[in-house]
Amino acid sequence: MHRTHTCGELTLADLGKTVTLSGWVQKSRDLGGMTFIDVRDRYGITQLTFNADDDASLRASARELGREYVIKVTGEVIERSSKNPKIPTGDIEIKVSDLEILNAAKLPPFTIEDDTDGGDDIRMKFRYLDLRRNPVRENLILRHRTSQEVRRYLDSQNFLEVETPYLIKSTPEGARDFVVPSRMNPGEFYALPQSPQTFKQLLMVSGFDRYFQIVKCFRDEDLRADRQPEFTQIDCEMSFVEQEDVLNIFEGLAKHIFKTIKGIDLGAVPRMTYADAMRLYGSDKPDIRFGMQFVELNDVAKDKGFPVFDTAELVVGINAENCAHYTRKQIDALTDFIRRPQIGATGLVYARINEDGSVKSSVDKFFNSEQLTAIAEKFHAKPGDLLLIMAGSKDKVRKQLNELRLEVASQLGLRNKDTFAPLWVVDFPLLEWDEESGRYHAMHHPFTSPKPEDIPLLDSNPGQVRANAYDFVLNGVEVGGGSIRIHDRELQSLMFKHLGFTPEEAKKQFGFLMEAFTYGAPPHGGLAFGFDRLVSLLAGLDTIRDVIAFPKNNSGRDVMIDAPATIHQEQLDELSLNIDIKE
């Protein structure tokens, strides 16, 4: 028997017991007459003690132990003279009578401690060592607990977990596919699924009524902190539902997760239209943990002789309350922030509200005191506030001001990771125009249903058609999204037409789905939550990598196993791929 107990469970109630523990050496301390070893496993740490009265060979073996040696010890549970209240086993220690080294270990390239000295690159290369650290392990335990609660809730709502294929057909919409050559069908390729979208719709046609899957998905796209080439989502679909039914079920899921995992009552989740989100926050995933809503100023700021405002499509700003103390250096830093190429703004106008209510601005020579007061009144500004104003084309300046709003809020400590502010964003546009291709693309995917009252606009004004689509946003992060689907063959054909598909292309890509619709497709809709993003928010992390056991780096590489990698020429030849491997 390698162990009778784990390294995290023994207490004073176990005094006098002879126990066997196995684990890794966390640290050792040789004090001359006494040697102390901390042994660690997934469950905790227990202190081992060896003293001068022990067998000389036993003490000698203890002194040989290095960090991360794998050992097995047997001994008596005794009371610890110098207790450690920071760990559950801090009242006891093991007086060792037998020690066996199960495996020696090289000195690890970084310390296996909560606050390690290893940087991201070295920890990614030795991820199996990084996973021994408490913070990373706790993140994965959190992930496990969350997945269990997801299954528990959805099972209680009569959802069935059904697995769908990983080797599917490539489609032209959405992000780039990862493709897999077929050896048995030369010149033909599978694709790895970006989503089980069409399969879950087919399950609704099959009468499965309520489906879910915690499923791996794949997208060949540029990576950021919240993206990986392979990721996991909570994928769901329901039959005989309207938008409100879907929102209620998955608002319930979010509340269940936060209550059981974090002990937090989310309360009612507010709703906001896409149009209002863009108008008030410049983002379709607004962070509503704080205010600072946009204030539009065209009626009080334009036609006053200031060219930047007069020529702009929109003049808009935010009120950074109680920030009039910001120095010119701090304001210049904000200006530099929005001028970065990633944001692309040209400048920033500011106005301070003085204690006497007067307004001092960076454009005083263009505006008199009455005009500046009128601007301040639009913000409902009070003494001590700082107004930050931008101007430009409507869509562009809103996005730029959104970045400024988030930066100011971060500086003011308003984006607390322990505060959770969920939001449903609804009524998205169905289509968005792509200048490069010169045609409309589906904002979500081609199977999203338009609002019934907007269907006539598909022919006359497609850009104004609203979708039966919705996103679940948490703290400014899009955690999930979905829609009511098209279940009518004729409407689906019309949608493909407006997306630029010829009838032949639509049949080739999605003929199987169109055929299925002729056999009685129920009204249906669904949603997918980004599971990695959700867990990272629960853990208070800025990146999803530390809630994934073996993530890729920012270049999409697994530096631990060195993938992707070249393959043998023989394999390429078998796959009928005309590629020459360069040595």
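Conventions used here
For every chain, the first residue of its written sequence is number 1, and the numbers climb from 1 along that sequence. Reporting in this predicted model follows two pLDDT cut-offs: at least 70 for local features of residues, and 80 or more for side-chain atom pairs to be given and counted; totals over whole chains, interfaces and linings ignore these cut-offs and use all residues. Where side-chain values are given, they derive from all heavy atoms of the structure, hydrogens and water being excluded. Burial classes: relative accessible area under 20% of the type maximum marks a residue as buried, over 50% as exposed, and values in between as partly exposed (1.4 Å probe, protein chains only). Where helices and strands are cited, they refer to DSSP runs of H or I of at least four residues and of E of at least two residues respectively, numbered from the N terminus. Each direction from the helix axis to a C-beta atom contributes to the arc, which is the arc of those directions. Between two residues, a contact is recorded if the distance between any of their heavy atoms is within 4.5 Å. Polar contact is defined as a pair of N or O atoms within 3.5 Å, subject to the rule that within protein one atom must be able to donate a hydrogen and the other to accept it, and that residues adjacent in sequence are counted only when both atoms are side-chain atoms. For the domains described, the bounds stem from an automatic or database domain assignment. Pairing between two strands is assigned when DSSP locates at least 2 bridges connecting them. To obtain an axis, a line is fitted to C-alpha atoms, over the contacting stretch when the element is a helix, and the angle between two such axes runs from 0 to 180 degrees between their N-to-C directions. Angle categories: roughly parallel below 35 degrees, roughly antiparallel above 145, roughly perpendicular from 65 to 115, and oblique for all the rest. Left-handed describes a crossing whose near helix is turned anticlockwise from the far helix through less than a right angle; right-handed describes the clockwise counterpart. Classification convention: Asp, Glu, Lys, Arg as charged; Ala, Val, Leu, Ile, Met, Phe, Trp, Tyr, Cys, Pro as nonpolar; all other residues, Gly among them, as polar. Working definition: rings of Phe, Tyr and Trp (its six-membered ring) pair if their centres are within 6.5 Å, and the pair is stacked with planes under 30 degrees apart, edge-to-face with planes over 60 apart, and tilted otherwise. Cation placement over rings: the criterion is NZ of Lys or CZ of Arg within 6 Å of the ring centroid and within 35° of the ring normal. Each helix should span, by expectation, one fewer than its residue count multiplied by 1.5 Å. UniProt positions are given in the numbering used here, feature names are shortened, and annotations may be inferred rather than shown by experiment. Residues grouped as a nonpolar core are buried Ala, Val, Leu, Ile, Met, Phe, Trp, Tyr and Cys residues, joined through side-chain atoms within 4.5 Å. Salt bridges are defined by distance alone: a side-chain nitrogen of Lys or Arg within 4 Å of a carboxyl oxygen of Asp or Glu.

Examining helix H14 (residues 489-498)
Part 1: Those residues of H14 not exposed but buried are Leu 491, Gln 492, Met 495, Phe 496 and His 498. An end-on view of H14 places all buried positions within 165° of arc, on one side of the element. In H14, the exposed residues that point more than 90 degrees away from the buried face are Glu 490 and Lys 497.
Part 2: Next to the buried residues of H14 lie strand E18 (431-434), strand E19 (439-442), helix H13 (457-460) and helix H15 (503-517).
Part 3: The backbone nitrogen of Glu 490 lies 3.1 Å from a side-chain oxygen of the residue at the head of H14, namely Asp 488.
Part 4: The first or second residue beyond H14 is Gly 500, which carries a positive phi of 90°.

Quick word on the domain arrangement of the protein
Part 1: When cut into domains, the protein gives domain 1 (12-103), domain 2 (136-271 + 422-570) and domain 3 (290-412).
Part 2: Of note, the centres of domain 1 and domain 3, computed from C-alpha atoms alone, are 63 Å apart.

Some words on the sheet that holds strand E6 (residues 160-161)
Part 1: Strands sit in the order E6-E9-E10-E22-E21-E20-E17-E11 across an open sheet of eight strands; the sheet is mixed. If you trace the sheet from one side to the other, it starts and ends with E6 and strand E11 (271-273), each paired once.
Part 2: As judged from the three bridges shared by E11 and strand E17 (residues 422-426), these two strands associate in the parallel manner. Bridge pairing in E17 links Thr 273 to Val 426.
Part 3: Packed onto the sheet, helix H5 (residues 197-205) meets strand E9 (210-218), strand E10 (230-239) and strand E22 (524-530) and runs at close to 25° relative to E10.
Part 4: Each of E11 and E17 is contacted by helix H7 (residues 274-281), which is oriented at about 85° to E11, the strand it contacts most.

Some points on the sheet that holds strand E12 (residues 295-296)
Part 1: With respect to topology, five strands assemble into an open sheet ordered E12-E13-E16-E14-E15, the strand pairing being antiparallel. In the strand order of this sheet, the two ends are held by E12 and strand E15 (359-361), each with one partner.
Part 2: Helix-sheet contacts for helix H11 (residues 369-378) involve E12, strand E14 (349-353), E15 and strand E16 (386-392), and the interaxial angle to E15 is about 100°.

Digging into the packing of helix H4 (residues 134-156) against helix H6 (residues 243-262)
Part 1: Two elements in contact, H4 and H6, have axes whose closest approach is 10 Å; the angle formed by their N-to-C orientations is 135°. The angle between the axes of H4 and H6 places the two elements in the oblique class. Handedness of the H4/H6 crossing: right-handed. Where H4 approaches H6, its residues Leu 142, Arg 145, Thr 146, Glu 149, Val 150, Tyr 153 and Leu 154 are matched on the opposing element by Ile 249, Phe 250, Gly 252, Leu 253, His 256, Ile 257, Thr 260 and Ile 261.
Part 2: Considered class by class, the residues forming the contact of H4 with H6 number nine nonpolar, four polar and two charged.

Quick notes on the packing of aromatic side chains
Part 1: If you walk through the whole model with that rule in mind, you get 19 aromatic pairs.
Part 2: With centroids separated by 6.4 Å and ring planes inclined at 65°, the aromatic side chains of Phe 250 and Phe 529 adopt a geometry described as edge-to-face. On the criterion of sequence distance, the pair formed by Phe 250 in helix H6 and Phe 529 in strand E22 is long-range, its members being 279 residues apart.
Part 3: The class for Phe 529 is buried, based on a relative accessible area of 2%.
Part 4: Taken together, Phe 159, Phe 250, Trp 424, Tyr 470, Phe 472 and Phe 529 form an aromatic cluster joined through their ring pairs.
Part 5: Lying across the ring of Phe 126, Lys 125 places its NZ or CZ 6.0 Å from the centre.

Notes on H6
Part 1: For H6, with 20 residues, the first-to-last C-alpha span of 28 Å sits near the 28 Å given by 1.5 Å per residue.
Part 2: Buried residues of H6: Gln 243, Val 246, Leu 247, Ile 249, Phe 250, Glu 251, Gly 252, Leu 253, Ala 254, Ile 257, Phe 258 and Ile 261, and no others.

Concerning the UniProt feature "binding site: L-aspartate" (unreviewed entry) in the protein
Part 1: UniProt tags Glu 173, Arg 219, His 444 and Arg 485 as "binding site: L-aspartate" (unreviewed entry).
Part 2: Looking at the secondary structure, you find Arg 219 in the loop between E9 and E10.
Part 3: Classification of Arg 219 as partly exposed rests on a relative accessible area of 28%.
Part 4: In this structure Arg 219 touches Ala 175, Arg 176, Phe 178, Gln 194, Pro 229 and Phe 231, once residues within four positions along its chain are discounted.
Part 5: Within the secondary structure layout, Arg 485 lies in the loop between strand E21 (477-484) and H14.
Part 6: We classify Arg 485 as buried; its relative accessible area is 3%.
Part 7: If near-sequence neighbours (up to four positions away) are discounted, Arg 485 is found in contact with Gln 197, Lys 200, Gln 201, Cys 236, Glu 237, His 445, Phe 447, Ser 449, His 524, Gly 525, Gly 526 and Leu 527.
Part 8: Within the structure, the side chain of Arg 485 is placed 2.8 Å from the side chain of Ser 483, a separation counted as a polar contact.

Considering the environment of Pro 341
Part 1: Position of Pro 341 among the secondary structure elements: in the loop between helix H10 (328-338) and E14.
Part 2: Using a relative accessible area of 79% as the deciding quantity, one classes Pro 341 as exposed.
Part 3: When the C-alpha atoms of Pro 341 and Asp 299 are compared, they prove to be 30 Å apart, with 42 residues separating the residues in sequence.

Describing the side chain of Asp 546
Part 1: Structurally, the position occupied by Asp 546 is in the loop between helix H16 (531-539) and helix H17 (569-574).
Part 2: Within the structure, Asp 546 has its side chain in polar contact with the side chain of Arg 127 (distance 3.4 Å).
Part 3: When sequence neighbours within four positions are dropped, the list of residues in contact with Asp 546 reads Arg 127, Val 136, Asn 139 and Leu 541.

Section: the nonpolar core
Part 1: In terms of nonpolar packing, the biggest core is built from 40 residues, with Leu 154, Phe 250 and Trp 424 touching the most fellow members.
Part 2: Ignoring sequence-local partners within four residues, the contact set of Trp 424 consists of Leu 247, Phe 250, Glu 251, Val 269, Pro 270, Arg 271, Met 272, Tyr 470, Asp 471, Phe 472 and Leu 527.
Part 3: Judged by nonpolar contacts, the second largest core, of 30 residues, contains Leu 431, Ala 442, Val 465 and Leu 499.

Overview of the pattern of salt bridges
Part 1: Taken as a whole and assessed by the stated rule, the structure comprises 39 salt bridges.
Part 2: Across the pair Asp 38 and Arg 29 runs a salt bridge whose closest N-O atoms are separated by 3.4 Å.
Part 3: According to the relative accessible area criterion, Asp 38 is buried, its value standing at 12%.
Part 4: Across the salt bridge formed by Lys 382 and Asp 385, the nearest N and O atoms sit 3.3 Å from each other.
Part 5: Each of Asp 120, Arg 123, Arg 127, Asp 130, Arg 133, Arg 545 and Asp 546 takes part in one network of salt bridges that share partners.

Focus on the side chain of Arg 133
Part 1: Mapping Arg 133 onto the fold places it in the loop between helix H3 (127-130) and H4.
Part 2: Polar side-chain contacts of Arg 133 include one of 3.2 Å to the backbone oxygen of Glu 113.
Part 3: If near-sequence neighbours (up to four positions away) are discounted, Arg 133 is found in contact with Thr 111, Ile 112, Glu 113, Asp 114, Thr 116 and Arg 123.

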